[in-house]
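# Working through the structure, step by step
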Amino acid sequence: MNSSSISSPDCLPNMDGIWQETIDWFPTEQQQLKLQLLYAAVVTANRNLNLTRITEPEEFWEKHLWDSLRGVGALISNQSVHKVIDIGTGAGFPGLPLAIARTDWQMTLVDSTAKKIGFIQEIAPEIGLKNIHPLVSRIEELGQQSQHRHQYDLALIRAVASANICAEYALPLLKIGGTAILYRGNWTEEEGDSLELAVAKLGGGITKVDRFTTPISNSIRHCIWLEKTADTHPYYPRAVGIPTLKPL
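Notes on the structure in this doc start here. Being a predicted model, the structure only gives us computed values, none of them experimental. (Residues numbered from 1 in each chain as written. Predicted model: local features only at pLDDT ≥ 70, side-chain atom pairs only at ≥ 80, totals over all residues. Heavy atoms only, no water.)

### Structural notes on the overall build of the protein
Within the protein, the secondary structure is distributed over 9 helices and 7 strands. For 248 residues, the compact-globule formula gives about 18 Å, and the C-alpha radius of gyration of the protein, at 17 Å, lands near that figure. Counting over 248 residues, the protein shows a buried share of 53%. Here the contacts in the protein between residues at least 6 apart in sequence split such that 71% fall between residues at least 24 apart. Surface summary for the protein: the accessible area is close to 10,900 Å², and the carbon and sulfur share equals 49%. Placing the 22 positive and 27 negative side-chain charges of the protein at their respective mean positions leaves the two points 6 Å apart. (Helix = DSSP H or I, 4+ residues; strand = E, 2+ residues; numbered from the N terminus. Rg over C-alpha atoms; globule rule 2.2 N^0.38 Å. Buried < 20%, exposed > 50% of the residue type's maximum accessible area, 1.4 Å probe, protein only. Contact = heavy atoms within 4.5 Å. Areas by Shrake-Rupley, 256 points an atom, 1.4 Å probe, with all protein chains shown as cover. Lys, Arg positive; Asp, Glu negative; His and termini not counted. Charge placed at Lys NZ, Arg CZ, Asp CG, Glu CD.)

Rendered as structure tokens:
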């Protein structure tokens, strides 16, 4: 794909007021242009790659762009975050919108599907993103590699698996003091109790359950914040497929 092959879909809505009210941030003119280019690239590639069912501009803004940034909350303005990993990034969410919002964050975007990472590799330079590091890998393998294990300030994982599995994927990648954010829809007290036991085995704890509603469709969202408090035992993450078969 090149810029000449990207069709121009409808423009994204201007939502500066909602950005400001909900996360105390709104895109500059240049960032708004990059978000529009991202939207156009996804819609164009989607015809062949089936990246997302969400293609209408208002829904795309809410469910891919706003949701990605709202998930990190106040961290969007945090100056101590430098290295971020987006686990199971798919078409690049939440990683690509965050890379646009924070060009100083080094964003590693990981997915096991090569065509999705290929899409990200192709569009990142077209959007003007130099802080993106796309990677095809199984996360269980990545978590055992020294160049990634205990290396990240922030780990993001959206719509990948159950919370306990997500925790096993994310916590081994974090430095002590780092944060993992699990993007969820609904959330129950029972899920929280189960996750707390799993996270304790991985060298972490639950610090916040952030419940909010989306600004257009009024859908319920939860972001579960985990803190890395100790080195994760070398046993974790377990081999490919084991966390899914036998969740903690």
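### Looking at the packing of helix H7 (residues 163-170) against helix H8 (residues 189-201)
H8 packs onto H7 with a crossing angle of 25° between their chain directions and a minimal axis gap of 9 Å. In terms of orientation, H7 lies roughly parallel with respect to H8. H7 and H8 meet at a crossing whose hand is right-handed. Residues Ala163, Asn164 and Ala167 of H7 lie in contact with H8, whose contacting residues are Ser194, Leu195, Ala198 and Val199. Residue composition of the contact of H7 with H8, by class: 5 nonpolar, 2 polar and no charged. (Axes fitted to C-alpha atoms, helices over the stretch in contact; angles between N-to-C directions. Parallel < 35°, antiparallel > 145°, perpendicular 65-115°, else oblique. Left-handed = near helix turned anticlockwise from the far one by under 90°. Nonpolar A, V, L, I, M, F, W, Y, C, P; charged D, E, K, R; others polar.)

### What about the side chain of Arg238?
Counting through the fold element by element, Arg238 comes out in the loop between strand E7 (220-228) and helix H9 (242-245). Assessed through its relative accessible area of 9%, Arg238 is described here as buried. A distance of 2.8 Å separates the side chain of Arg238 from the side chain of Glu168, its partner in a polar contact. Polar side-chain contacts of Arg238 include one of 2.7 Å to the backbone oxygen of Lys246. In this view, Arg238 contacts Glu140, Glu168, Pro243, Lys246, Pro247 and Leu248; residues no more than four positions away in its chain are not counted. (Polar contact = N/O pair within 3.5 Å; in protein donor to acceptor, adjacent residues only side chain to side chain.)

### Observations concerning the environment of Ala124
Among the structural elements, Ala124 can be located in helix H5 (residues 114-127). According to the relative accessible area criterion, Ala124 is buried, its value standing at 5%. Taking the C-alpha atoms as reference points, Ala124 and Pro215, separated by 91 residues in sequence, lie 28 Å from one another.

### A short note on the pairing of strand E1 (residues 83-87)
Where burial is concerned, most of E1 is hidden: 4 out of the 5 residues are buried. Examined bridge by bridge, E1 and strand E2 (residues 106-111) share 5 bridges and lie parallel to one another. The partner of Asp86 across the bridge, within E2, is Leu109. Viewed along the sheet, the connection from E1 through helix H4 (residues 95-101) into E2 turns out right-handed. When E1 meets strand E4 (residues 152-158), the two strands line up parallel, connected through 4 bridges. Each bridged residue has a counterpart across the sheet, and for Ile87 the counterpart in E4 is Ile157. (Pairing = 2+ DSSP bridges. Right-handed = clockwise from strand over helix to strand, strands pointing away.)

### Some remarks on the environment of Cys223
Structurally, the position occupied by Cys223 is in strand E7. Taking the relative accessible area as the measure of exposure, Cys223 reaches 1% and is therefore buried. A sequence separation of 210 residues divides Cys223 from Pro13, and the C-alpha atoms of the two residues are 25 Å apart. Ignoring any residue separated from it by four or fewer positions in sequence, one finds Cys223 in contact with Gly71, Ile181, Leu182, Tyr183, Lys208, Val209, Asp210 and Phe212.

### Overview of H5
Its 14 residues place the ends of H5 20 Å apart at the C-alpha level, agreeing with the 20 Å of an ideal helix rising 1.5 Å per residue. Buried within H5 we find Ile117, Phe119, Ile120, Ile123, Ala124 and Ile127. Each buried residue of H5 lies within a common arc of 150° when the element is viewed along its axis, so the set occupies one face. Seen from the open side of H5, the exposed residues pointing more than 90 degrees away from its buried face are Ala114 and Pro125. (Expected span 1.5 Å × (residues − 1). Arc of directions from axis to C-beta.)

### Observations concerning helix H2 (residues 29-49)
Counting along an α-helix, one turn takes 3.6 residues, and residues three or four places apart therefore face a common direction. Between its first and last C-alpha, H2 extends 29 Å over 21 residues, near the 30 Å set by a 1.5 Å rise per residue. Positive backbone phi, at 55°, marks Asn50, one or two positions downstream of H2.

### What about the sheet that holds E1?
As summarised here, the arrangement of the 7 strands in space is E3-E2-E1-E4-E5-E7-E6, forming an open sheet in which the pairing is mixed. Single-partner strands in this sheet number two, and they are strand E3 (132-136) and strand E6 (204-213). Strand after strand, the sheet turns through a mean of 20° between neighbouring axes, direction not considered. Of the pairings in the sheet, the one linking E6 to E7 comprises 9 bridges and is antiparallel in character. Each residue of the ladder has a partner; that of Gly205, found in E7, is Glu227.

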